[in-house]
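Breakdown of the fold
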Amino acid sequence: MPNHVIPPEQAEDARNEAEQTRRKAEDARESGERVREAGESARAAGEEARNAAEDARHATVDAVEATAQTLKATLEQMKVTEEMRRALREFKDTKTGGAN
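One structure accompanies this document, and this report is about it. (Residues numbered from 1 in each chain as written. Predicted model: local features only at pLDDT ≥ 70, side-chain atom pairs only at ≥ 80, totals over all residues. Heavy atoms only, no water.)

This next bit is on the overall build of the protein. A count of helices and strands for the protein gives one helix and zero strands. Relative to the globule expectation of 13 Å for 100 residues, the C-alpha radius of gyration of the protein, 42 Å, shows a markedly less compact shape. Seen through its principal axes, the protein has C-alpha atoms that stretch 140 × 20 × 10 Å. Burial analysis of the protein (100 residues in total) assigns 0% to the buried set. Counting only carbon and sulfur atoms, one obtains 57% of the accessible surface of the protein, whose full area is about 9100 Å². The centroid of the 17 positive side-chain charges in the protein is displaced by 11 Å from the centroid of its 22 negative side-chain charges. (Helix = DSSP H or I, 4+ residues; strand = E, 2+ residues; numbered from the N terminus. Rg over C-alpha atoms; globule rule 2.2 N^0.38 Å. Buried < 20%, exposed > 50% of the residue type's maximum accessible area, 1.4 Å probe, protein only. Areas by Shrake-Rupley, 256 points an atom, 1.4 Å probe, with all protein chains shown as cover. Lys, Arg positive; Asp, Glu negative; His and termini not counted. Charge placed at Lys NZ, Arg CZ, Asp CG, Glu CD.)

Once that is clear, we can look at the pattern of salt bridges. Tallied over the full model, the rule gives 11 salt bridges. Among the ionic pairs, R57 bridges to E54, the shortest N-O distance being 2.8 Å. Of this pair, R57 and E54 both sit in helix 1 (residues 8-96), three residues apart, which is roughly one turn of the helix. Overall, E54 belongs to the partly exposed group, its relative accessible area being 33%. One salt bridge in this structure joins E82 and R89, with 3.6 Å as the shortest N-O distance. Taking the relative accessible area as the measure of exposure, E82 reaches 30% and is therefore partly exposed. You can call R89 partly exposed: its relative accessible area is 43%. Three or more residues joined by partner-sharing salt bridges are found here, namely E19, R22 and R23. (Salt bridge = Lys/Arg side-chain N within 4 Å of Asp/Glu carboxyl O.)

A few words now on the environment of G39. When you line up the elements, G39 lands in helix 1. For G39, a relative accessible area of 39% puts it in the partly exposed group. Separated by 14 residues in sequence, G39 and A25 have C-alpha atoms that sit 21 Å apart.

Below, the structure is given as structure tokens:
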């Protein structure tokens, strides 16, 4: 059986290289974790933006509905006012004998 004795200098070089590789792997893991956290933050921000947009959409629909109701009420008031004007003209015509 051959004797595989590694010289101390070579063993130290191998240990240093293994330590550098371990550090690089740890840095890569930490970097990956930061990327994952950034992705999660972006996802959460996107969800918040979608929720805000949905709330704004609902508010817009409510505002449009309120405007439509206001316009409808205004139109009804205008119709009543016009009917009152007509009735007043007819009353004046009746009272004055048809002359304006």
